[in-house]
Amino acid sequence: MSVDTKYWTEAWATGGGRNGTAGLASGMLTATMTSPTELGGSGKGHNPEELFATGYAACYLGAMRFAAQSEKLGDVPEDAKVTAHVGIGPRDDGGFGLKVKLSVSLPGVDRDVAEKIVERGHFICPYSNATQGNISVETELL
């Protein structure tokens, strides 16, 4: 697969990774990172799964808007919402793995059209493409 890259961003992490500091090279975001209490951390900061969930939710909503517009499927309402639930835990074969559940709300959109928008969003979204075949991603249309 070839990608004609139009944009790059840069982020950094220092300290202990999950227990340190991370941010954007632009200076627009800096976060104190801590492991969640469920993984033995203090939970008094952010973790990579939270940041991944935020990025995936925003990207997927944008992909659905793009799909609806470019494929003339109708409008995605302004109050549309994607909630990304990201879970982490040990894998059977060692290491850790992720699971994702995307809950999608498209108020006022006929269900059959909404299902098509959700489906096409997965095809377009770079997060969905990056995770395809690597982690379990479930979509729920509310």
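Up top is the structure.
Fair warning: this is a prediction, and the values are worked out from it, not measured in the lab.

**A look at the overall build of the chain**
Looking only at helices and strands, one finds three helices and six strands in the chain. For the chain, the sequential pattern of α-helices and β-strands runs β-β-β-α-β-β-α-α-β. Counting across all 142 residues of the chain, residues that qualify as buried make up 30%. Considering only contacts in the chain between residues 6 or more positions apart, those separated by 24 or more positions represent 45%. Roughly 9300 Å² of accessible area belongs to the chain as shown, and the carbon and sulfur atoms make up 53% of that amount. Side chains of the chain give 12 positive and 17 negative charges; the mean places of these two sets differ by 2 Å.

**Points about the side chain of Thr 34**
Considering the arrangement of structural elements, one finds Thr 34 in the loop between β3 (30–33) and α1 (48–70). Aside from chain neighbours lying at most four places away, what touches Thr 34 is Arg 18, Asn 19, Ser 42, Gly 43, Lys 44, Gly 45, His 46 and Asn 47.

**So, the sheet that holds strand β6 (residues 136–141)**
Judged by pairing direction, the sheet is mixed, and its three strands sit side by side in the order β4-β5-β6 without closing on themselves. The open sheet has two edge strands with one neighbour each: β4 (81–90) and β6. Averaged over neighbouring strand pairs, the angle between their axes works out to 15° when direction is ignored. Examined bridge by bridge, strand β5 (residues 96–105) and β6 share six bridges and lie parallel to one another. The residue bridging Lys 101 from the neighbouring strand is Glu 138, located in β6. Against the sheet, α1 engages β4, β5 and β6, with an angle of about 145° to β4.

How each quantity is defined
Residues numbered from 1 in each chain as written. Predicted model: local features only at pLDDT ≥ 70, side-chain atom pairs only at ≥ 80, totals over all residues. Heavy atoms only, no water. Helix = DSSP H or I, 4+ residues; strand = E, 2+ residues; numbered from the N terminus. Buried < 20%, exposed > 50% of the residue type's maximum accessible area, 1.4 Å probe, protein only. Contact = heavy atoms within 4.5 Å. Areas by Shrake-Rupley, 256 points an atom, 1.4 Å probe, with all protein chains shown as cover. Lys, Arg positive; Asp, Glu negative; His and termini not counted. Charge placed at Lys NZ, Arg CZ, Asp CG, Glu CD. Pairing = 2+ DSSP bridges. Axes fitted to C-alpha atoms, helices over the stretch in contact; angles between N-to-C directions.

By themselves, these are just geometric observations and shouldn't be taken as functional.
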